[in-house]
Protein chains: 4
Amino acid sequence: MTDLTPSPEHKFTFGLWTVGNPGRDPFGDPTRAPLDPTETVRRLAELGAYGVNLHDNDLVPWGTSAAERDQIVSRFKAALEATGLKVPMATTNLFGHPAFKDGAFTSNDRRIRRAAIGKAMHSIDLGAELGAELYVFWGGREGTEAGIAKDPRDALDRYREAIDILCEYVVDHGYDMRFALEPKPNEPRGDIFLPTVGHALHFITSLRRPDMVGVNPELAHETMAGLSFHHGVAQALWAGKLFHVDLNAQRIGRYDQDFRFGAEDLKEAFLLVRLLENAGYDGPRHFDAHAYRSEDAAGVWDFARGCMRTYLALAEKARQFDALAEVQEALAAASTAELADPTAPQGAADADNLKAEVDQLDDLGARGFFNERLDQLLVDVLLGSR
Amino acid sequence: MTDLTPSPEHKFTFGLWTVGNPGRDPFGDPTRAPLDPTETVRRLAELGAYGVNLHDNDLVPWGTSAAERDQIVSRFKAALEATGLKVPMATTNLFGHPAFKDGAFTSNDRRIRRAAIGKAMHSIDLGAELGAELYVFWGGREGTEAGIAKDPRDALDRYREAIDILCEYVVDHGYDMRFALEPKPNEPRGDIFLPTVGHALHFITSLRRPDMVGVNPELAHETMAGLSFHHGVAQALWAGKLFHVDLNAQRIGRYDQDFRFGAEDLKEAFLLVRLLENAGYDGPRHFDAHAYRSEDAAGVWDFARGCMRTYLALAEKARQFDALAEVQEALAAASTAELADPTAPQGAADADNLKAEVDQLDDLGARGFFNERLDQLLVDVLLGSR
Amino acid sequence: MTDLTPSPEHKFTFGLWTVGNPGRDPFGDPTRAPLDPTETVRRLAELGAYGVNLHDNDLVPWGTSAAERDQIVSRFKAALEATGLKVPMATTNLFGHPAFKDGAFTSNDRRIRRAAIGKAMHSIDLGAELGAELYVFWGGREGTEAGIAKDPRDALDRYREAIDILCEYVVDHGYDMRFALEPKPNEPRGDIFLPTVGHALHFITSLRRPDMVGVNPELAHETMAGLSFHHGVAQALWAGKLFHVDLNAQRIGRYDQDFRFGAEDLKEAFLLVRLLENAGYDGPRHFDAHAYRSEDAAGVWDFARGCMRTYLALAEKARQFDALAEVQEALAAASTAELADPTAPQGAADADNLKAEVDQLDDLGARGFFNERLDQLLVDVLLGSR
Amino acid sequence: MTDLTPSPEHKFTFGLWTVGNPGRDPFGDPTRAPLDPTETVRRLAELGAYGVNLHDNDLVPWGTSAAERDQIVSRFKAALEATGLKVPMATTNLFGHPAFKDGAFTSNDRRIRRAAIGKAMHSIDLGAELGAELYVFWGGREGTEAGIAKDPRDALDRYREAIDILCEYVVDHGYDMRFALEPKPNEPRGDIFLPTVGHALHFITSLRRPDMVGVNPELAHETMAGLSFHHGVAQALWAGKLFHVDLNAQRIGRYDQDFRFGAEDLKEAFLLVRLLENAGYDGPRHFDAHAYRSEDAAGVWDFARGCMRTYLALAEKARQFDALAEVQEALAAASTAELADPTAPQGAADADNLKAEVDQLDDLGARGFFNERLDQLLVDVLLGSR
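Nothing here was measured: the structure is a model prediction, and the numbers come from that model.

A. Quick look at the pairing of strand β4 (residues 134-138) of chain D. All names here are of chain D. Counting buried positions along β4 yields five of five residues, so the element is predominantly enclosed. Neither face of β4 is exposed, since L134, V136 and W138 on one face and Y135 and F137 on the opposite face are all buried. When strand β3 (residues 89-91) meets β4, the two strands line up parallel, connected through three bridges. Its bridge partner lying in β4, A90 is registered against Y135. Once you follow β3 into helix α5 (residues 110-129) and on to β4, the crossover reads as right-handed. Of the pairings in the sheet, the one linking β4 to strand β6 (residues 178-182) comprises five bridges and is parallel in character. Its bridge partner lying in β6, W138 is registered against E182.

Below you can see the structure in the form of structure tokens.
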């Protein structure tokens with residue numbers, strides 16, 4: 001059996017807020033005590049993780065004085081140095097504070113929008129100080145329940161303005177940092193702006209510095225809307241915009257579950273891992289998930305180990321699948337590789353030929369595509385039946 | 001009471017396939033006889049519609065000889081002339097024929113992809129002949145059930161190649177025609193490429209002639225994925241890409257229902273109509289819907305009348321809503337107009353001020369946004385209670 | 001225009017936890033200060049409500065001493081007497097405390113199950129003291145994320161045992177009280193036992209005292225699963241088991257939203273109100289909802305007023321709809337009343353005739369059911385176009 | 001590696017309509033030729049199936065004369081005898097004919113209701129002739145799009161009347177046959193009556209001969225509504241009402257997909273198979289599914305083999321899982337077996353003790369439930385990592 005032990009080269013990361021999740025939910029109180037961030041660093045390093053990510057207020061609670069802030073940050077940096085753990089990604093909490101209840105960058109209240117940009121600037125400074133090369137924006141409060149209260153076109157204008165300003169800020173400060181937008185369809189707002197990977201990819205093309213900005217697709221978020229996550233990630237890769245990825249598990253059409261990676265829909269998880277590995281994605285594999293609320297402190301580390309173990313198992317399955325002769329035969333029967341061939345290299349100059357080929361459709365309708373065989377081979381490999 | 005009688009100036013359109021839907025579904029046989037296209041033209045004109053749209057095979061059945069084709073088209077054009085009805089939009093059926101079972105522009109079989117492009121060329125010729133200024137591409141078969149059978153990045157390459165070639169074809173032939181892509185998340189495929197308005201808007205930015213191509217969002221399609229349709233349409237408008245719009249009704253998370261416009265979710269329908277009217281959208285209002293299968297031939301025209309009647313009623317409600325003093329007060333209390341004000345006109349040059357304003361967040365958290373009042377006013381206006 | 005002012009005879013009720021909802025959600029802190037229960041009583045009475053409902057810990061926080069408890073209860077009873085407001089329904093909080101993280105009546109830990117039953121007994125005593133005639137059980141924690149951790153058949157055994165014991169407890173104490181089970185499909189658990197009205201109705205038939213127990217369907221809960229709420233309520237009415245009803249608004253396939261009644265899907269809300277009114281349901285109309293998180297303290301009362309106003313508006317629409325001649329004609333054309341006629345009063349004795357009538361199906365297939373006309377009349381009435 | 005070859009003792013069954021599905025869908029024509037029922041019998045027997053199920057019109061097309069009918073049936077019986085294949089279940093097509101567009105047993109038109117009962121009687125005769133011991137009722141057309149057109153309470157009355165009459169018919173004719181109701185939430189109707197296993201189980205308790213009637217839960221149908229299928233099956237088992245089961249695969253919130261068993265959500269499929277095997281369910285394992293539309297005739301048999309192979313693989317995984325020492329430890333840590341212990345054997349007589357135990361809740365809140373460990377062990381076993 002393959003070794004499923006994680007090590008930093010696998011680039012597994014967790015957020016302070018993920019392993020530190022205390023198990024509070026809309027109907028219940030916390031079930032676990034807060035975790036000290038330096039303790040988190042120590043434990044993650046022991047487990048073989050590569051890095052730890054954070055929101056500003058995960059490390060420095062809201063309302064902390066400047067002096068205290070520096071002390072906290074120093075202590076955290078010391079823990080990073082001691083363990084070798086990185087902070088590959090940082091982000092701003094623009095959703096927890098009551099002032100953001102109507103949005104942060106898209107609040108109807110201009111004062112709040114200004115403060116939101118200011119808070120992001122402070123937080124970018126912190127990220128840069130910790131060496132983060134990627135900065136994520138999840139606009140969890142940028143949306144509406146009462147659609148009548150906001151013209152969504154104005155909201156997109158303000159959203160763009162904020163990201164443009166923050167790009168400029170990063171460039172002005174000479175930070176070596178790129179941005180990634182993280183889409184989500186709903187929760188905590190009724191409808192969130194930039195609800196899917198597609199909407200975010202399009203929005204990026206409208207920015208002043210589109211090259212600086214990519215996406216951070218999250219498995220749970222696309223899945224909530226019933227969209228194929230590996231298709232969404234593929235469109236991001238196709239556009240050269242997969243700057244980061246958030247891995248977890250989720251059932252379609254439900255509250256945001258953020259379960260352990262692999263806990264739901266193993267086939268989709270397999271397709272995703274195979275895509276990431278085959279595409280040569282070399283960024284972090286970030287587990288934006290948390291332990292079930294039923295777990296005590298020990299369960300949190302079972303959770304973290306499980307995320308990494310299943311990723312490694314699926315990556316191994318992907319290699320095994322692609323190496324099987326039956327699979328190669330079935331892929332050939334399905335004409336899978338042929339999809340990479342240009343259809344009409346001469347373009348519209350080929351129009352007469354293309355039009356003439358329509359007559360062949362009745363004959364072409366008879367062929368099979370062997371998708372049942374191929375998909376069953378995948379199930380066989382997943383279950384170890386082959 | 002306002003007059004709710006439709007007339008051509010309202011730009012209401014139907015498809016031959018919509019009023020002509022025979023009521024066949026996956027579990028049952030047709031319940032209505034086929035409609036002669038010229039009869040459809042006559043009835044729609046009588047009801048006050050502006051135009052009729054079509055797929056190639058709605059008018060010219062698959063397998064028709066060239067001679068017959070010309071006869072059918074002449075007869076149809078005569079009916080158009082007699083009634084003054086337009087054909088504002090045309091499209092190709094790239095989903096019904098068995099050969100497209102694995103995709104048309106993204107079939108793994110290159111021969112099928114070539115024939116699909118050829119079929120679209122023929123069909124574009126027909127559209128041009130009928131005066132269509134807009135050509136829609138709904139890639140209903142461009143997707144997978146067995147995700148392993150296609151690399152989605154190859155599929156996007158082929159999709160782009162096809163649209164690029166067809167743009168070139170239109171330009172070569174001097175047709176006065178623009179394209180619109182119609183996204184859909186699933187059905188009839190397990191997962192369809194370009195599943196939402198966002199994905200399509202992004203894809204368009206990758207084309208050789210992005211200016212020629214916009215989107216045709218469909219209410220039912222975005223709603224199937226639980227996305228806000230008026231937000232999606234707003235992002236298309238914001239991008240200058242709303243070239244067409246498909247109106248109907250749909251419940252979230254269900255099979256493609258294509259119900260009469262207004263039959264579900266009147267509040268979302270109101271927000272959409274208000275957006276289209278206020279944004280000055282001047283394209284067709286196309287009802288891509290059909291009568292319930294329980295209806296006989298007469299029910300089809302009840303259905304068509306209902307679509308237009310409800311649109312006009314909602315447009316009138318929108319004017320009434322915006323004119324109410326209580327509404328203007330509530331919008332002001334919600335700071336709705338303030339969202340149009342730039343947040344920081346000086347950009348990152350304003351960083352010090354922006355950072356300093358973070359301290360005001362605790363105070364700003366206390367204000368209310370009066371969304372309950374505003375939304376209830378909307379319900380009052382919808383129900384005629386105010 | 002009809003008077004839409006609520007009064008106690010309309011039997012509108014709210015929960016302490018509904019108007020008292022502080023706006024905390026999984027991603028953000030409270031946005032509103034706690035409400036004193038006696039203040040809630042005063043405000044609800046002013047607005048024309050009939051009653052106020054509560055969980056034990058809404059009134060008496062967890063950890064309160066016996067002496068304090070009595071003081072709190074006295075003060076609350078004084079407010080009720082002063083205003084005439086009733087407490088028609090009470091319930092137990094068996095979901096907020098960390099001990100219930102794996103379930104209350106169905107926790108794997110027997111000690112927790114025992115304490116859960118004990119807590120319900122204390123809480124039933126409180127309900128009886130406040131005059132509640134109905135006691136609701138919402139088993140929000142009775143479920144799983146990891147399905148492997150519980151045999152669901154054991155869980156149903158334990159659930160039944162708990163309800164049986166509590167029925168016995170009520171009878172032993174001579175309380176004039178009935179029970180109602182409130183189903184929900186998921187959230188806060190991945191999958192909750194008794195997920196729909198149907199599952200709960202069936203479960204009740206297995207109890208020792210089925211006559212004492214009915215259901216409390218909640219609009220948001222059935223809608224989360226995409227089920228028709230008015231169909232679910234109808235099955236409960238049909239079974240004589242609609243003991244209570246929870247009204248709010250929700251979009252399908254989303255986190256539990258608990259919006260203001262009427263804020264989503266006005267057609268379904270209309271069908272529900274018409275059903276309740278026509279069926280002679282005389283229990284409370286309970287609004288299990290809360291103000292949007294964007295609202296301040298004033299927005300809470302806008303929210304409460306809106307719930308009642310829309311109910312009254314829809315009840316008036318229902319009367320108006322049923323009184324229209326066009327509606328009566330359309331209902332006749334749809335053969336709606338004929339559904340109340342027995343199909344074959346002689347039962348299987350009529351077999352030969354029934355078999356012979358199969359031959360008429362081809363002819364019968366031609367008739368229409370006029371559902372488009374009927375549904376458009378409904379939309380017309382809702383929008384006040386007719 | 002375990003032998004995954006199916007044989008009749010495994011009780012795998014398919015429907016004539018499943019392997020015979022021609023690949024027609026709402027947007028496309030058939031992609032496969034019809035299969036001769038006797039050819040189906042031969043192929044299924046070769047593959048190791050136990051039986052073949054059918055609707056009346058799968059074998060005897062609508063409109064067949066009595067003489068032809070007898071010839072068809074004889075030929076089919078001969079094929080059964082030759083191969084040893086059984087017909088364990090039969091059912092009536094009450095959804096395909098246009099006359100059923102408004103319902104069959106619940107059509108508003110009494111003549112259609114009568115003919116529907118008559119058609120079911122004929123069809124029951126056919127089932128009895130073929131030796132079917134189970135008769136399934138899937139009320140696919142019993143529902144509404146326009147909820148206003150039917151009082152759902154009347155519909156339930158008529159539904160009950162029809163089943164009562166048909167039970168009487170079976171008893172009168174001395175047939176050795178039980179009934180099973182198959183619930184579905186929607187499609188082809190907007191909302192179907194008896195939408196879930198729960199609603200059907202409750203409905204059965206209202207029948208005159210409840211003992212004769214059970215349920216036939218279908219994986220795809222419960223999953224469409226996002227409900228846990230293994231929980232639904234468990235409630236049916238708990239009630240002694242699992243008379244049959246329909247296996248396939250489906251994604252939540254989509255059109256009815258009926259994919260190959262195991263093609264989606266392997267964890268839920270595992271939990272289901274483990275439950276069926278451990279509960280001693282000895283009825284047929286019916287695959288109500290069909291090959292992807294992209295497949296040719298050969299793909300159909302790949303599909304059929306895959307369904308059985310994955311079931312056997314999961315049954316083997318279940319045995320392996322339960323035999324692992326780590327699993328037994330984790331189940332003990334999760335207190336899984338303790339859920340089978342009565343909570344309070346003395347009932348309400350134990351009230352004083354139960355109330356006193358509430359004080360222990362704060363202590364009990366600290367324990368963990370080890371669900372992460374347990375669920376990861378399950379993933380490990382599924383993937384063969386352990």
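The discussion continues.
B. Just the interface of chain A and chain C, in detail. With 34 residues of chain A in contact, the opposing surface of chain C contributes 34 residues. Between chain A and chain C, roughly 3,200 Å² of surface is buried when both sides are summed, and carbon and sulfur atoms account for 50% of that area. Notably, a salt bridge pairs R254(C) with D191(A), separated by 3.2 Å at the nearest N-O pair. Where chain A packs against chain C, one counts 14 residue pairs in polar contact (both at pLDDT 80 or more).

C. Quick look at the relation of the copies chain A and chain B. For the pair chain A and chain B, the superposition axis carries a translation of 0.0 Å, the fit reaches an RMSD of 0.0 Å, and the rotation angle comes to 180°. Here the two chains are linked by the operation of a two-fold rotation axis. A high fraction, 100%, of the interface residues of chain A reappear at the interface in chain B, so the copies pair face to face through one surface.

D. Up close: the interface of chain A and chain B. On the chain B side, the residues contacting the 108 residues of chain A number 108 residues. Of the roughly 9,500 Å² buried between chain A and chain B, counting both surfaces, carbon and sulfur atoms make up 63%. Inspection of the region where chain A meets chain B yields eight salt bridges. Summed over the shared surface of chain A and chain B, the result is 56 residue pairs in polar contact (both at pLDDT 80 or more). Elements with a minimum of two residues in the side of chain A that touches chain B: α5 (110-129), α6 (152-172), α7 (197-204), α9 (229-238), α10 (266-278), α13 (351-356), α14 (361-364) and α15 (371-383) of chain A.

E. Geometry of the environment of R208(D). Residue and element names in this part refer to chain D. Relative to the helices and strands, R208 resides in the loop between α7 (197-204) and β8 (213-215). The sequence separation of R208 and C167 amounts to 41 residues, and the corresponding C-alpha distance is 8.6 Å. Leave out the neighbours within four places in its chain, and R208 touches D164 and E168.

F. Summary view of the side chain of H221(B). All names here are of chain B. Assignment of secondary structure puts H221 in helix α8 (residues 219-224). A residue is classified by how much of its surface remains accessible, and H221, at 2% relative accessible area, is buried. At 2.9 Å, the side chain of H221 and the backbone oxygen of P183 are in polar contact. Sequence-distant contacts of H221, that is, excluding residues within four places in its chain, are made with W138, E182, P183, K184, P185 and D256.

Calculation notes
Residues numbered from 1 in each chain as written. Chains lettered and ligands numbered in written order. Predicted model: local features only at pLDDT ≥ 70, side-chain atom pairs only at ≥ 80, totals over all residues. Heavy atoms only, no water. Buried < 20%, exposed > 50% of the residue type's maximum accessible area, 1.4 Å probe, protein only. Helix = DSSP H or I, 4+ residues; strand = E, 2+ residues; numbered from the N terminus. Pairing = 2+ DSSP bridges. Right-handed = clockwise from strand over helix to strand, strands pointing away. Contact = heavy atoms within 4.5 Å. Buried area = accessible area lost by both parts, 1.4 Å probe. Salt bridge = Lys/Arg side-chain N within 4 Å of Asp/Glu carboxyl O. Polar contact = N/O pair within 3.5 Å; in protein donor to acceptor, adjacent residues only side chain to side chain. Least-squares fit on C-alpha atoms with pLDDT ≥ 70 in both.

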